[in-house]
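# Architecture and fold: a report
Below are the chains, spelled out letter by letter.
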Amino acid sequence: MFNKYINKLKMEFHQYNRRKFSKDLMAGLTVAAVALPLALAFGVSSGADAASGLITAIIAGIIISLLSGASYQISGPTGAMAAILISIVAKYTLQGVFIVSLLAGIILLFAGIFKMGKFISIIPRPVITGFTSGIAVIIALGQIDHFFGTTSVGDNALQKILSYIEMGFSIQWQSVLIGAVVVGMMICWPKKLNAIVPSSLAGIVVAVLISSLFHFDVSTIGSIPKTLLPQVRLNLFAVNISELPSLISPAISIAALGMVESLLCGTSALRMKQNDSFDADQELVGQGIGNIIIPFFGGIPATAAIARTSVAIKSGSETRLTGILHALMLLASMFLLSDVMAKIPHAALAGVLIVTAWRMNEWPAIKKMFSKRNKGAVLKFLITLVATVSFDLTIAIIIGVAFSAFVFVVNSSKLNVASSKVKNELLHTFPSDVERQNISTTVIYITGPIFFGNAEKLFDHIRSEYGDAKRLIFSMRGVSGLDSTGAEVILDIVRECDSHDVSVTICGLSDIVRKKLDIAGVTEIIGEEQYFFSVDRALVANQG
């Protein structure tokens, strides 16, 4: 894996020159402008602080960009991660988040080493769309307090919503005005200007100006330390060993989200950047090492972010230096703009996150699901969305994948069985020593997989089909698969036919299906001579 990574770097920087560096530099500047308000917002929304979000973007931008499985990935704090972290902060404090990040990083590192990147493909697209929308709902609900200037209590978004019943909902209109200004600017900001100054950054600048000029009494993010080593960071000597078992489940959730987001970002962005490659396993290694290191600097878990990655690609990024340069620019902003950033109202960041949550939804995919009336996809989407809001991400993914598997089994159980009488004088698929005249023959055509979900129905259907027939021909060319239960049911059918002196012939078997019938003992009853390649002659006779 290391040699593969080194070779990838050599190819990436082959013939690297001043022109390519200038493109990386401009792309890095553009990404930094987009990442700055998001890093601050996600740091606050995670239950930590703005400084944690900024530090995460800096460390992730340097380490994960350097070790990434692609030249274009930009990593940092994300809304999805923040949605999970807020409940962990409420339950285990920031030290708990740091430990969870460390454990999640270790899980991701081993996932990459053991080449588990390919397992992302087992998660159906509607499930991914569902939990993305669920996370968007959690992010939006989590910003109600900051946007309206209210107060709530609870470990998660739903508990906080319910707490308004007891605590009341007293709106602070100055906060609403600032939040509404940011939301309005992000929605109405011209696309041409957005390429120069991101709408989120412009909205925050205007919000700071309004708040400062009119002396609004609203909460702000407060001072941002000019250091990468804040007082609040992971301290291994302060770890409570007795709490570690309870942190395993959150760590798995963080690792699962990191894997899903990073690999989806990598594969989606690869379509935007041609003539490049994406190594999923190397990406997991990079994400793992990054998340192991980040908590020692006081940062929160990071993952690849599709918004920042797409901005990098559209801005002309050439190599992974774009991610590193964007991190260095964020570092510079920490020292040069910390006094200004300290005045940013929480309501302004809430406005950024509400619009971000709306845009997180995969609206084209959602529209397609509902417009095409794809009931299976819609149910997967809705069930995963509700599970994500109600439970944690790991449970939501398990529920979504399990339901998808259930839907697949139900759809796969649709077995087509048809039968037709055959004129025996034209049927030549039996041994010559068998009398053909005055023997009723029925051909049964089976299409689809035969397995535990439909095997018994097949038995009942065939029993009602053959009636007074003395000879059955099973055309199984359309049987795509056969499990042990299906093979046992075929054996039961053959035994019943044998007990009623009904001759059985089986045609059109694949090698795999034939082998399973042999193992079940079907061949011992009907004999090798009753297997044939096709029933074409029978079909001709039937048409005649």
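Here we summarise the structure given alongside this text.

### As for the overall build of the protein chain
Within the protein chain, the regular secondary structure consists of 24 helices and 7 strands. Expressed along its principal axes, the backbone C-alpha trace of the protein chain runs to roughly 105 × 65 × 50 Å. Every one of the 544 residues in the protein chain was classed for burial, and the buried ones make up 52%. In the protein chain, 83% of the contacts between residues at least 6 apart in sequence involve partners at least 24 apart. As presented, the protein chain carries roughly 25,500 Å² of accessible surface, and 63% of it is formed by carbon and sulfur atoms. Seen as two clouds, the 43 positive and the 36 negative side-chain charges of the protein chain have centres 13 Å apart.

### What about the nonpolar core?
The biggest cluster of nonpolar side chains holds 112 residues, and the ones touching the most others in it are L40, L54 and I344. The element contributing the most residues to this core is helix α4 (residues 79–113), with 18 residues. Each residue touching I344, except ones within four places of it in the same chain, is listed here: L40, I204, V208, T220, I221 and L349.

### Focus: the packing of aromatic side chains
The geometry of an aromatic ring pair is captured by the separation of the ring centres together with the interplanar angle, meaning the angle of the planes. Counted under the stated rule, the structure contains 10 aromatic pairs. Where F13 meets Y16, the ring centres are 5.3 Å apart and the plane angle is 65 degrees; that geometry is what we call edge-to-face. Taken together, a centroid distance of 4.5 Å and an interplanar angle of 40 degrees make the contact between W358 and W363 tilted. What links up through ring pairs into an aromatic cluster is the set F147, F148, Y164 and F169.

### Quick word on unusual backbone geometry
Phi is positive for T93, which is not a glycine, with a value near 65 degrees. Turning to its location among the elements, T93 is positioned in helix α4. On the basis of relative accessibility, which here comes to 47%, the residue T93 falls in the partly exposed class. One non-glycine residue, H215, adopts positive backbone phi at about 55 degrees. You can see H215 is positioned in the loop between α10 (199–213) and α11 (244–270).

### Notes on the packing of helix α5 (residues 125–142) against α11
Two elements in contact, α5 and α11, have axes whose closest approach is 13 Å; the angle formed by their N-to-C orientations is 110 degrees. Between α5 and α11, the crossing angle belongs to the class labelled roughly perpendicular. Crossing handedness for the pair α5 and α11: left-handed. Residues R125, I128, F131 and I135 of α5 form the contact with α11, whose own contacting residues are L257, V260 and L264.

### A look at a nonpolar patch on the surface
A cluster of nonpolar side chains, contributed by I106, F110, I113, F114, M116, F119 and I122, occupies part of the molecular surface with about 680 Å² of accessible area. With respect to the helices, strands and loops of the structure, F114 is situated in the loop between α4 and α5.

### Here we look at helix α13 (residues 306–314)
Taken residue by residue, α13 has R308, T309, S310, A312 and I313 as its buried positions. The elements touched by buried residues of α13 are α2 (18–45), β1 (75–76), α11 and α14 (321–336). Taken from the residues just after α13, G316 is the one with a positive phi, measuring 95 degrees.

### Quick word on the pairing of strand β5 (residues 471–478)
In terms of burial, β5 is largely enclosed, as 6 of its 8 residues are buried. The sheet contact formed by strand β4 (residues 441–447) and β5 spans 6 bridges and is parallel. Paired with T447 across the bridge in β5 is G478. When β5 meets strand β6 (residues 503–507), the two strands line up parallel, connected through 5 bridges. When the sheet's bridge partners are listed, S475 is paired in β6 with C507. After leaving β5, the chain enters helix α21 (residues 484–499) and then returns to the sheet as β6, a path that is right-handed.

### Let's talk about a negative patch on the surface
A cluster of like negative charges, contributed by E456, D460, E488 and D492, occupies part of the molecular surface. Taken together, the elements giving at least two residues each to the negative patch come down to α20 (455–465) and α21. Positionally, D492 belongs in helix α21.

### A word on the side chain of T322
By the element assignment, T322 lies in helix α14. In this structure T322 touches D24, A27, G28, V31, I74, A312 and S317, once residues within four positions along its chain are discounted.

### Considerations on the environment of T129
Among the structural elements, T129 can be located in helix α5. Expressed as a C-alpha distance, the spacing of T129 and M360, which sit 231 residues apart in the sequence, is 9.6 Å. If near-sequence neighbours (up to four positions away) are discounted, T129 is found in contact with E362, A365, I366, M369 and F381.

Scoring rules and cut-offs
- Residues numbered from 1 in each chain as written.
- Predicted model: local features only at pLDDT ≥ 70, side-chain atom pairs only at ≥ 80, totals over all residues.
- Heavy atoms only, no water.
- Helix = DSSP H or I, 4+ residues; strand = E, 2+ residues; numbered from the N terminus.
- Buried < 20%, exposed > 50% of the residue type's maximum accessible area, 1.4 Å probe, protein only.
- Contact = heavy atoms within 4.5 Å.
- Areas by Shrake-Rupley, 256 points an atom, 1.4 Å probe, with all protein chains shown as cover.
- Lys, Arg positive; Asp, Glu negative; His and termini not counted.
- Charge placed at Lys NZ, Arg CZ, Asp CG, Glu CD.
- Core = buried A, V, L, I, M, F, W, Y, C linked by side-chain atoms within 4.5 Å.
- Phe/Tyr/Trp six-rings, centres within 6.5 Å; stacked < 30°, edge-to-face > 60°.
- Axes fitted to C-alpha atoms, helices over the stretch in contact; angles between N-to-C directions.
- Parallel < 35°, antiparallel > 145°, perpendicular 65-115°, else oblique.
- Left-handed = near helix turned anticlockwise from the far one by under 90°.
- Patch = residues over 30% accessible without salt bridge, like charges linked within 9 Å, V, L, I, M, F, W, Y side chains within 5 Å.
- Salt bridge = Lys/Arg side-chain N within 4 Å of Asp/Glu carboxyl O.
- Pairing = 2+ DSSP bridges.
- Right-handed = clockwise from strand over helix to strand, strands pointing away.

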